[in-house]
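Given next are the chains, with one letter for each unit.
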Amino acid sequence: MKTLSDPVKSNPYIPMMAEIQSIEPLTKNEMLFRVRLPEPLNHRPGQFVMAGLPGIGECAISISSGPESGKTLEMVIRKVGNVTGVLHKLKKHDLIGIRGPFGSGFELNDFHLKNGNQETLIKDIVIIAGGLGLVPLRSLIIPIMEHKSDFGRVHLIIGSKTPREALFRQQIQQWKIHPDCSITELVDNTDFQDWDGDVGLVTEPIHKLNIIEKNTMVVLCGPPVMYKFVLMEIKMNFNIPDNHIFIDLERRMRCGLGKCGHCQINHVYCCKEGPVFRYSQLTDLSEALN
Amino acid sequence: MNAYLSNLDQIESWFFNLAEKQLFFLPKKTQGVNYRFEPIDHQQSLDLLNYKPTILPPGKNIFPDDEILFSYYKDDDGHYQFSQGVTVNSQLLAGVRACDLKGVYLLDEVFSDGVKDSHYLRRREKTDIIAFNCMTPCDDHCFCEAAQSLDFQMGADIFITPLFSTSHKGQANEEQQCLLEVLTPRGNELIKSLESTECSSPQDLKNHAIASRPQPFGRQFSAPIEQLAKAIHQKDADSVYQQYAEQCFSCGTCNLVCPTCYCFETKDELNLDGSSGKKTRHWDACLSPGFAEVAGGHNFRAEPAARQHHRIRRKFDYLPQRFEQTFCTGCGRCGRQCTTGIDIFNIVNDVYLSVQESQE
Amino acid sequence: MKPKIAFFDFASCEGCQLALLNCEDILLDLLELVDLVEFREAISEKSARYDISFIEGSIHREEDSKRLLDIRSRSQYIVALGACACNGNVQARSNFIAPAENYKLIYGEEARNRVQVDKNYWPLWAHTRVRSVEEIVKVDYHLRGCPMDANEFLTLVKALLSNQIPHFPAHAVCVECKRNANECVFDKGMSCLGPIAYGGCDAVCINNGHVCDACRGLLPYANVGAHNALMLSKGISKEAIQSRYRLFCSAEKMSES
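The numbers attached to residues start from 1 for each chain and follow its sequence in the written order. By the order in which they are written, chains take letters starting at A while ligands take numbers starting at 1. Reporting in this predicted model follows two pLDDT cut-offs: at least 70 for local features of residues, and 80 or more for side-chain atom pairs to be given and counted; totals over whole chains, interfaces and linings ignore these cut-offs and use all residues.

### Here we look at the domain arrangement of chain C
Domain borders in the structure are assigned automatically or taken from a domain database. Domain annotation for chain C reports domain 1 (4-88 + 131-161), domain 2 (97-125) and domain 3 (173-246). The gap between the C-alpha centroids of domain 2 of chain C and domain 3 of chain C is 35 Å.

### Topic: the domain arrangement of chain B
Residue and element names in this part refer to chain B. Structurally, chain B comprises domain 1 (3-67 + 88-211) and domain 2 (225-262 + 285-359). Centre-to-centre, using C-alpha coordinates, domain 1 lies 28 Å away from domain 2. Taken together, the residues of the side of domain 1 that touches domain 2 sort by class into 14 nonpolar, five polar and three charged. Classes in brief: Ala, Val, Leu, Ile, Met, Phe, Trp, Tyr, Cys and Pro nonpolar; Asp, Glu, Lys and Arg charged; the others, Gly included, polar.

### Comments concerning the sheet that holds strand 5 (residues 80-83) of chain B
Residue and element names in this part refer to chain B. At least two DSSP bridges between two strands are needed for those strands to be called paired. Counting from the N terminus, the helices are the DSSP runs of H or I reaching at least four residues and the strands are the DSSP runs of E reaching at least two. Spatially, four strands are ordered 5-4-12-11 in an open sheet, and the strand pairing comes out antiparallel. Unpaired on one side and paired on the other, strand 5 and strand 11 (264-270) mark the two borders of the sheet. Ignoring which end each strand starts from, the neighbouring axes of this sheet average 20 degrees apart. Sheet topology places strand 4 (residues 67-74) next to strand 12 (residues 276-283); six bridges connect them, and they run antiparallel. In the sheet register, Tyr-72 faces strand 12, and the bridge partner there is Gly-277. Here, axes are lines fitted to C-alpha atoms. For helices the fit covers the stretch in contact, and angles between N-to-C directions go from 0 to 180 degrees.

### A short note on the interface of chain C and chain A
With four residues of chain C in contact, the opposing surface of chain A contributes six residues. Class assignment for the residues of the side of chain C that touches chain A results in one nonpolar, three polar and no charged. Any pair of residues counts as being in contact when their C-beta atoms, constructed from backbone geometry, are within 7 Å of one another.

### Topic: the environment of Glu-226 of chain B
Along the chain, the position of Glu-226 of chain B falls in helix 6 (residues 225-234). For Glu-226 of chain B and Phe-316 of chain B, which are 90 residues apart along the polypeptide, the C-alpha to C-alpha distance reads 9.1 Å.

### Concerning the sheet that holds strand 15 (residues 276-278) of chain A
All names here are of chain A. With mixed pairing, the seven strands of this open sheet are ordered in space as 10-9-8-7-11-12-15. Among the strands making up the open sheet, the edge pair consists of strand 10 (198-199) and strand 15. In this sheet, strand 9 (residues 181-187) lies alongside strand 8 (residues 153-160) in parallel orientation, the contact comprising seven bridges. Across the sheet, the residue bridging to Ser-160 is Val-187, located in strand 9. Here helix 3 (residues 169-176) sits on the sheet and contacts strand 8 and strand 9; the angle it forms with strand 9, its principal contact strand, is near 150 degrees. Its contacts with the sheet put helix 4 (residues 224-237) on strand 7 (124-130), strand 11 (216-221) and strand 12 (245-248), and the angle it makes with strand 11 is roughly 160 degrees.

### A word on the interface of chain B and chain A
With 43 residues of chain B at the contact, the number on the chain A side is 39 residues. Breaking the side of chain B that touches chain A down by element, the ones donating at least two residues are strand 4, strand 5, helix 2 (98-112), helix 3 (118-125), strand 11, strand 12 and helix 9 (304-323) of chain B. Sort the elements by how many residues they give to the side of chain B that touches chain A and strand 11 of chain B lands first, with six residues. Along the lines of polarity and charge, the residues of the side of chain B that touches chain A split into 19 nonpolar, 11 polar and 13 charged.

Right under this line is the structure:
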């Protein structure tokens, strides 16, 4: 017996073409693209899209706008290779190909102060971003800030290499005015630039966090090397259950559909079950944090 | 569904007859020692009893290399116009062994899981399969019984079991009775042009034929496959993977010839006019060094041993967790074609033994 | 302005340029898009600056090396075209033999004696060692093979014309043999360098019944130890294996890893 259901007619590889509304250089290598989609993306925070141009290629790009952004999509594209190099040459009103949204992302419900189906109240949300890690986490921070009364205290620790690489500084200033919101901005070194934040690694402020451990959610995103040290620091200072720690991982995504195999971390597909994982899911995955 | 009796002679003429109506693939001997699925031609003498697994598994006819995912052009207003690419023709794959049938079945599972892969599924819909049961192990490399794919028949339209000893080599003749089990409506259509008689007790005949097969059938693991899978899951047995990695060329042959490997790389191509092009996909191999490398250069599986480990666990642990089937069919292709002599059968056995040892 | 493209010859048979001239179907379309300013096999024109300079041939004499440095200084991209430029090709086998011995081997004892006293006798005599282009200048892209592959040439030019970075995957010839469902050369009782050699050629030699001699060079991750053991296990002598490895790759830049 053929076990197949009816094959779908739609082709999951054809992108929708979105018009670029603005391109804003954030740093030397990173630009914020704001594009207008033909239909709303309806994404969850932490999801990603495949962005690119037909004939050139595509790459996985984190969604940086909040889930209520409708037909507008914001993403930060760092110039690292061929495709991103071409995307950086695009101009306002040019078209860009978008497929998605892909991946699991965050459930905002997990972070709500009062949430119906959960026994524990989430009184503290700790978000630690290293470098470009702030880009996907911004899609989570925005809805939290927009509906701040639904959430408990928010502790943001945002690290960059130098002031030159610090992202979204103006917006971070606006977040600071929300009640119960503490933000620590750090750079590894000031590199002779003006800097009004702290100097140090994102691991340093962790022990000073004033949180109720069993009512805390932690979210991490940054370069692979960051996770080990941040997790060690958290585990040394606090007793936070592994399923209350979220980690946003990077892998090589090609298809976005859990088929092509490139993003596989042990038995999970980063593009499908990830890129956001609970730490409790990763303890079984030896390849996850290597 | 129905079952019929016919003989090899009649089946051969039936094949030639079907081949006149549609694209018809059958294993054909190369000039060397191997076989390949090739369109049948009338000059050919069929080798239905003796062929061993082909260089590439028949599933590759449904999941071809360099498949066009879409093509596009920019119209005068600068809008992108997309088209699906190529039209899919119907094809018939005959002489598919049970191991390869299971390979196709597993690909069906994979490509219809989650977001459906329309390219594979469209081709699959237009692919008929006439499978051929094995009465003797193909060669020293196969271990289909141990991998639980011997007698697998899901996915076939017609499943043929020879009812005589196939160890005797020679021309097809009338004595060589075969049982043909029709498994799908499409199979019912196909069998109409075969000279045959209906069979009322197919299961008895089949059981009898199966009972006369050599025992054990091909190579056997040191333990049942469930225990092997458990050992592979439990412990990474790095030294075993490392030992095999030292021999490995990282060429990806084992992946490319595997009936259940389906990883692919996509490629975008721009035409010289700069305003049209296509996206294609190509078979990729997780043994290839750059497979898990991200933009910026970090390689999540830079070491050959890590890649070997990934391949083995994918077949015996990762994908089975998702699809509840072992993704090694025991066809033996990877071991048969590895130039440096690495055989998945040996790796799996060694991992099992090393885990056993470490527990003692 | 159309990009300026130039071709320069060093020690080679110019077969790569010929291979390009053989792709009549695309050549005219291509010439619409570029300005061909130097091409010995076809036209003769000069320019001060080049956008893409294709270098064909290996480098033998000091004057060649100076000329190459001059081309580099005037070019945006340098592309090593074909096996001679990429890894020295067959002529680099002379790297393994003392120059005087080599000269005698080819031209006889009398010629060797004359070349030692008459400096005008044969200027090539001045060469010390056959070098690949990369040993002298920075190479942006390699178009490997003897001759180069016209499809790869097209991929490279299309990418550079559309401001992209051309990409040529570093996989073994085995990959392409499998894509073509080729019978393995070892299964035919012959031996092959395919498992350690750069693919990209679509395994053209094996498709046509030959074996692979690694004209595109050895992969950066080539497991030469395992390959050597494999060749020995097939009863091939050490000398024969060495000679096979040296056939095309003698001036190859050793991999960094």
